[in-house]
Amino acid sequence: SKDAVEEAQCHAVKLLEVIVLQFKGVADFFYSDLIKVMFDRLSIEVRTSELRTLCLQVIIATVYCNPQLSVEIISKELPANAMDDFIKLWINDANSFLGLHDRKMCILGLLTLVEMQPNRPTALLAYRDRIVQIFIMLFEGLKAAYTQKAKEDQNSDTSSEYTDSDDESDDVVLESSDDEHTRKNLELLKAKSKNDSNIITCDTIGDDDGTSDDDDSSYRDSELDESVYENFTTVLDDKDTEVDEFVIFKDVFNRLKDTEPDWYRLLFMELKEDDVKAINE
């Protein structure tokens, strides 16, 4: 089916993004072909938002790694309106960047273009009143994603500790028994206990286990809000990475305030009080 084809393409495109990020400064030689292929794929029917976002993300990754080269390729080697189309699609699809990596990549790429000098794409001017609001949206989603990941990591560690503790307890009981008959009985009871725990009866349906339907729904929503391609880790996703998008955002706009005050004012002039508060937080 077409959906299956696009799913395979998603994995292939994601691998291309990983290569761009992993070999920053080394893979520049194939940026031209890569960017053209992504534009060609975006120019025909794309059934899933995942594939469209991933194709955009590959181009964004090249912009992040080598902005001057990437912008030059888009401006000179592609149709005249290619840059305008790219920026428009990126801005309008900003809410499609989900999960930790995708949001982080979108933020870093957009920050790169916002600060780029010379040759900053003039197409950004058309969206000057939306750029900072997009940053706010992405950072809010990013903070929620980091919180969710921290909870999952904590639950995973706790579960692992309980499992290790149970295994050690079983070993102690078995090792302390000299009676082979007792050993066999314990093994049978343990197996039966596992089997019984998997049986669903009328009494267990609807039991209150401390988790409300709202909690289940919230958990499902948070899962749906994450990119299924988060397992493709890059240098940006390492725990020890020095790339901190929050710090970079602050540094970029502090520099813009000093070096390009007019551009800085254009970006912030339409912000509401709540937006300013969100940025400060």
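The rules we used
Along each chain, numbering runs from 1 in the same order as the chain's sequence is written. Note on the predicted model: pLDDT of at least 70 is required for a residue's local features to be given, and 80 or more for side-chain atom pairs to be given and counted; whole-chain, interface and lining totals, by contrast, use all residues. Hydrogens and water are ignored here; the side-chain numbers use all heavy atoms of the structure. The secondary structure listing takes helices from DSSP runs of H or I that are at least 4 residues long and strands from runs of E that are at least 2 residues long, numbered from the N terminus. Exposure categories follow from relative accessible area, calculated using a 1.4 Å probe and restricted to protein chains: below 20% of the type maximum is buried, above 50% is exposed, and the middle band is partly exposed. The contact criterion used throughout is that any non-hydrogen atoms of two residues lie within 4.5 Å. Counting of polar contacts relies on pairs of N or O atoms within 3.5 Å, with two restrictions inside protein: one atom must be capable of donating a hydrogen and the other of accepting it, and residues adjacent in sequence are counted only when both atoms are side-chain atoms. Working definition: the arc comes from the directions between the helix axis and the C-beta atoms, pointing outward to the latter. Multiply 1.5 Å by the residue count of a helix minus one, and that product is the helix's expected span. As a per-residue quantity, pLDDT reports the predictor's confidence and falls between 0 and 100.

Enquirer: It is not clear to me how the environment of Glu17 should be interpreted in this structure. Could you clarify?
Expert: Mapped onto the elements, Glu17 comes out in helix 1 (residues 2–22). Accessibility expressed as a relative area gives 1% for Glu17, which makes it buried. Expressed as a C-alpha distance, the spacing of Glu17 and Gln57, which sit 40 residues apart in the sequence, is 7.1 Å. Apart from residues no more than four positions distant in its own chain, Glu17 is found in contact with Gln57, Val58, Ala61, His101 and Met105. For Glu17, the side chain forms a polar contact with the side chain of His101, separated by 2.6 Å.

Enquirer: It is not clear to me how helix 11 (residues 261–268) should be interpreted in this structure. Could you clarify?
Expert: The α-helix winds at 3.6 residues per turn, so residues separated by three or four positions along the chain end up facing the same way. All of the buried residues in helix 11 are Trp263, Tyr264, Leu267 and Phe268. The buried residues of helix 11 occupy an angular sector of 125 degrees when the element is viewed end-on, so they sit on one face.

Enquirer: I tried to follow helix 6 (residues 99–115) on my own but got confused; where do I start?
Expert: Its 17 residues place the ends of helix 6 25 Å apart at the C-alpha level, agreeing with the 24 Å of an ideal helix rising 1.5 Å per residue. Most of helix 6 sits inside the fold, with 16 of its 17 residues counted as buried.

Enquirer: Would you explain the confidence of the model for the protein in this entry?
Expert: Predicted coordinates in regions of low pLDDT should not be interpreted in detail. Chain-level statistics for the protein give a pLDDT mean of 80 and a share of 74% at 70 or above. For the protein, helix 9 (residues 213–224) is the element with the lowest average pLDDT, namely 40, and helix 2 (residues 31–42) is the one with the highest, namely 97. When the criterion is pLDDT under 50, residues 172–225 qualifies, and its contacts beyond four places in sequence or with other chains add up to 15 contacts.

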